[in-house]
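Below are the chains, spelled out letter by letter.
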Amino acid sequence: MKLFLIQADLTNPVLEYAAKELSWMIEAITACRVTMNKKISGASATVTLKIMPSLPKAAFELRPVPGSCKIELRGQNASAVLSAVYTFLELAGVYFEASGPVLPEKPHLKKALSTRKRVVPAVIERGIRQHINFTMDISSYPLNEAREYIRNLARMRFNHITFHSYPKQWYSYETTAGEKITGGYFFYGSRHDLPELPEVREKICNRKVFCIPEIEPVYDDIARREAAAIEWLNNVMNEAKRAGMTVQFSTEYSSNSAEDGLRACESMLTAYPMIDVLELLTPENQHKTEERLSLYLESFRLLKERKRGKPLPRLATGIYDTDLDPLSKGIAVLRKKCPADIECVVLPAHGARKVVENMQELKLKGADWKKMRMYSWIEFDGLMYLQQNALTGSRMAVDYLKKMAGKNRQVFGIDFNHWRTEENLMAIRYAAEICLDSRQSPAQFARTYATANGIGTPALFAKAMLLLDDTDTFCRDNLFNFGFCWLGCWNCFEGLGRIEGWKTENQQIALTNMREIRRMLEQVLESTTGLHGRTRVRFMLNRIECTILHFLAVGEFCALRDYFGTATPGGLTAEQADQTRQCCERATAFAEDYMRLHSRAMPDRGCEGTVVSYAQTLYGYVDSIRKKMLGEDSNECRILSESGEAPPPPEG
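Now for a look at the structure at hand. (Residues numbered from 1 in each chain as written. Predicted model: local features only at pLDDT ≥ 70, side-chain atom pairs only at ≥ 80, totals over all residues. Heavy atoms only, no water.)

## Some words on the layout of surface pockets
Here is step 1: The calculated volume of the largest pocket comes to roughly 1100 Å³.
Here is step 2: Residue lining of the largest pocket: 42 residues in total, with Glu-90, Lys-117, Arg-157, Arg-429 and Glu-433 positioned closest to the centre.
Here is step 3: Contributions of two or more residues to the lining of the largest pocket are made by helix 2 (78-91), strand 8 (117-119), helix 12 (425-436), helix 13 (442-452) and helix 17 (531-564).
Here is step 4: For the lining of the largest pocket, the per-class residue count stands at 14 nonpolar, 15 polar and 13 charged. (1 Å grid on protein atoms, 1.4 Å probe; cavity = no way out; pocket = protein on both sides within 12 Å on 5 of 7 lines; lining within 4 Å. Points joined across faces, edges and corners; volume = space filled by probe spheres on them. Helix = DSSP H or I, 4+ residues; strand = E, 2+ residues; numbered from the N terminus. Nonpolar A, V, L, I, M, F, W, Y, C, P; charged D, E, K, R; others polar.)

Printed below as a string of structure tokens:
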């Protein structure tokens, strides 16, 4: 058995983690026996992990020793060394995705040991933004799965993560007016009991109410639930730190008291001592960017004054608004009032391509981006029940930021929103790659991705994925919030709610595209011979078919809208009432087909969360139509608001 030697400073937690990652993967793909930091001769391969502060920010390199089987994996900091380790392993044949490493049948260890390479990342701090508020994101994961999700992000060489919490979710404090803001309320403040469909219910690891499984036994005790939630998130943060990631914690507060903001900040820092960056973000589309930013900066001034002489994390504040006027006014405030030691963030639109379009409209300058982080989208929550594939928008975002930074300069930071993991494997991997090197186009990446995963006819697969990318954008622009995963969004307008704005012709365009994508993927499946590749294509086909079923379900609601015309609730004829019941029954049937089909392919916890959310939202919407139009009060789905407040749905 050959001996593989790893040399590293194991007193550094991230280097120790890097050595362990390298060790188990080498043993998994080769017949080598791995040992660490031993003075031995005759090792068949020696890998040295080394921090080199003189390298450019976040840069890393592979430096083989000529004429030997020795190589140094160097990084500007420990996190960058870890990135070098994963680059080495990919050269050896391992492929990293958000679902976990794909190990090769035939490793290429000699290639990895002999490759000389330097990577100066296009983006210094690059990562994911977890808006931890929905059933399908990691805030429903068992702790071990949430930790593995973090490890998989680091394996793709992400080095930053932002956790965003609404008030009453992941921390608590008391306001100056004496109001207790209690944490522990998940998922838009709504309780999610499990759906009654047996074939769905049996696939979900909770027993009664959907939440982090370890928290379910104390779910009805809010004090214990809050404490358990904070403990869970601390453990997730700890894993992120161990994997070399910078942890940013973000929130917002709605009061007009800077002292309340101070209290919130102190509470967060006490609850989560591992925070590297503390962020205050304006509430989504409140359109009061000038007032809120000024208030947040005052809260930070009070915080720095209170903590004078004591260590503080980095501080950041910024804007979540999709309208150009408040965006522009907010940028002006940040330019004029934001101190040099406080960073900035901006989330300027819904949807990846629209983010760049809005930023271009604002005509910012390179100086604006020296300490500003952009938030973009891998997945738009307003289309959560549809299969998405945002590739082009991520490329646009990095290209825009590189242009702003100037020739040969690195971008400060970008994080990408996403909730579901398995459904977005391609988009997450692409975002990770272009943050390192943005030269690969979406089409090139899709073909490379197909080859790496053993998917047949890569060119046809790429064509299908690019059509899905375009359809994703079309739905965002023309069917806004068509798949939002919260019932309140569906009922937020008069009459039949949000469906009043979804034109039938736009639904038909998107539906036709989805059917064409299904046709192409069926051809791809026929040409795919390996088990791994076929599993990937079958999963995508499942989700495309689910998307089609969602279009058919919503189509029934829209047919009802068109049928009613000027009919008023409660004043229907017998014929209109019968038509209403038939549409509701057909929509329910399509929704249940969606849930049954979706439940056949649930490789991760987020998939369970999606089907639970779908049951509550679609059943709840049918119930609301019956109540509004027929005066019938159904108990098929309980929508229980626990926190008494929920964030507003995205505007459209």
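## Structural notes on helix 10 (residues 352-362)
Here is step 1: Of all the residues in helix 10, the buried ones are Ala-352, Arg-353, Val-355, Val-356, Asn-358, Met-359 and Leu-362.
Here is step 2: Of the surrounding secondary structure, the elements contacted by the buried residues of helix 10 are helix 9 (324-337), strand 17 (342-347), strand 18 (372-377), helix 11 (392-405) and helix 14 (458-478).
Here is step 3: Within two residues after helix 10, Lys-363 carries a phi angle of roughly 55 degrees, on the positive side. (Buried < 20%, exposed > 50% of the residue type's maximum accessible area, 1.4 Å probe, protein only. Contact = heavy atoms within 4.5 Å.)

## Some words on the packing of helix 4 (residues 143-155) against helix 6 (residues 222-242)
Here is step 1: Contact pair helix 4 / helix 6: the axes reach a minimum separation of 9 Å and the direction vectors enclose 30 degrees. Taken together, the axes of helix 4 and helix 6 are roughly parallel relative to one another. For the element pair helix 4 and helix 6, the recorded crossing hand is right-handed. On helix 6, the residues that touch Leu-143, Ala-146, Arg-147, Ile-150 and Arg-151 of helix 4 are Trp-232, Asn-235, Val-236, Glu-239, Ala-240 and Arg-242.
Here is step 2: Considered class by class, the residues forming the contact of helix 4 with helix 6 number 6 nonpolar, 1 polar and 4 charged. (Axes fitted to C-alpha atoms, helices over the stretch in contact; angles between N-to-C directions. Parallel < 35°, antiparallel > 145°, perpendicular 65-115°, else oblique. Left-handed = near helix turned anticlockwise from the far one by under 90°.)

## Looking at the pairing of strand 14 (residues 246-251)
Across a regular strand the side chains alternate sides, sitting on one face of the sheet and then on the other.
Here is step 1: Taken across its 6 residues, strand 14 has 6 buried, putting it largely inside the fold.
Here is step 2: Because side chains alternate across strand 14, one face comprises the buried residues Thr-246, Gln-248 and Ser-250, and the other comprises Val-247, Phe-249 and Thr-251, equally buried.
Here is step 3: Note that strand 10 (residues 160-164) and strand 14 share 5 bridges and pair parallel. Counterpart to Phe-163 in the pairing with strand 14 is Phe-249. (Pairing = 2+ DSSP bridges.)

## Concerning the pairing of strand 18
Here is step 1: Of all 6 residues making up strand 18, 6 are buried, and the element is well covered by its neighbours.
Here is step 2: Every second residue of strand 18 is oriented toward a common face, with Met-372, Met-374 and Ser-376 on one face and Arg-373, Tyr-375 and Trp-377 on the other, all of them buried.
Here is step 3: The pairing of strand 17 with strand 18 spans 3 bridges and is classified as parallel. In the sheet register, Val-346 faces strand 18, and the bridge partner there is Met-374.
Here is step 4: Bridge analysis of strand 18 against strand 19 (residues 411-417) gives 5 bridges, and the strand direction is parallel. Within the sheet, the bridge partner assigned to Met-374 lies in strand 19 and is Ile-414.
Here is step 5: Once you follow strand 18 into helix 11 and on to strand 19, the crossover reads as right-handed. (Right-handed = clockwise from strand over helix to strand, strands pointing away.)

## Considerations on the sheet that holds strand 18
Within a sheet, neighbouring strands are paired by backbone hydrogen bonds and run either parallel or antiparallel to one another.
Here is step 1: Pairing within the closed barrel is parallel, and its 8 strands lie in the order 9-10-14-15-16-17-18-19. With strand direction ignored, the average angle separating the axes of adjacent strands in the sheet is 25 degrees.
Here is step 2: Each of strand 9 (123-131), strand 18 and strand 19 is contacted by helix 11, which is oriented at about 165 degrees to strand 19, the strand it contacts most.

## Comments concerning the side chain of Asp-472
Here is step 1: Tracing the sequence through the fold places Asp-472 in helix 14.
Here is step 2: Those residues within four positions of Asp-472 in sequence are excluded, and the remaining contacts are Leu-383, Gln-388, Asn-389 and Ala-390.

## Some thoughts on the packing of aromatic side chains
In this description, an aromatic ring pair is defined by two values, namely the gap between the centres and the angle between the planes.
Here is step 1: Taken as a whole and assessed by the stated rule, the structure comprises 26 aromatic pairs.
Here is step 2: Both rings, one in Tyr-171 and one in Tyr-173, keep their centres 6.1 Å apart while their planes meet at 10 degrees; by these two values the pair is stacked.
Here is step 3: Relative accessible area serves as the criterion here: at 0%, Tyr-171 is assigned to the buried category.
Here is step 4: Measuring from ring centre to ring centre gives 6.3 Å for Tyr-171 and Phe-249, while their planes differ by 80 degrees; the resulting arrangement is edge-to-face. Of this pair, Tyr-171 sits in the loop between strand 10 and strand 11 (173-174) while Phe-249 is found in strand 14, placing the two residues 78 residues apart along the sequence.
Here is step 5: One aromatic cluster is present, built from ring pairs that chain together Phe-134, Trp-377, Phe-380, Trp-419, Phe-480 and Phe-484.
Here is step 6: For Arg-129, the ring lying beneath its charged end belongs to Tyr-375, and the centroid distance is 4.8 Å. (Phe/Tyr/Trp six-rings, centres within 6.5 Å; stacked < 30°, edge-to-face > 60°. Lys NZ or Arg CZ within 6 Å of the ring centre and 35° of its normal.)

## Focus on the sheet that holds strand 3 (residues 45-51)
Here is step 1: Reading across from one edge, 2-1-3-5-4-8 is the order of the 6 strands in this open sheet, with mixed pairing throughout. This sheet does not close on itself; its edge strands, each paired only once, are strand 2 (33-36) and strand 8. If you compare each strand with its neighbour and ignore which way they point, the axes differ by 20 degrees on average.
Here is step 2: With 4 bridges joining them, strand 1 (residues 3-7) and strand 2 adopt parallel strand pairing. Each bridged residue has a counterpart across the sheet, and for Phe-4 the counterpart in strand 2 is Val-34.
Here is step 3: Those strands touched by helix 1 (residues 13-29) are strand 1, strand 2 and strand 3, and its axis lies near 165 degrees from that of strand 2.

## Re empty space enclosed by the protein
Here is step 1: What the rule picks out here adds up to 4 cavities of 30 Å³ or more.
Here is step 2: Approximately 120 Å³ is the volume found for the largest cavity.
Here is step 3: In terms of lining residues, the largest cavity is bounded by 15 residues, among which Leu-425, Met-426, Tyr-449, Arg-536 and Met-540 are the most central.
Here is step 4: Breaking the lining of the largest cavity down by element, the ones donating at least two residues are helix 12 and helix 17.

## A closer look at the pattern of salt bridges
Here is step 1: Taken as a whole, this structure holds 46 salt bridges when the rule is applied.
Here is step 2: Among the salt bridges present, the one from Arg-301 reaches Glu-298, with a minimum N-O distance of 2.7 Å. Placement of both Arg-301 and Glu-298 in helix 8 (residues 289-306) is noted, with a separation of 3 residues, approximately one turn of the helix.
Here is step 3: Residue Arg-301 is classed as partly exposed on the basis of its relative accessible area, which comes to 38%.
Here is step 4: Classification of Glu-298 as partly exposed rests on a relative accessible area of 29%.
Here is step 5: Residue Arg-476 is joined to Asp-477 by a salt bridge in which the shortest nitrogen-to-oxygen separation is 3.0 Å.
Here is step 6: On the basis of relative accessibility, which here comes to 45%, the residue Asp-477 falls in the partly exposed class. (Salt bridge = Lys/Arg side-chain N within 4 Å of Asp/Glu carboxyl O.)

Any link to function would need more than the numbers given here.
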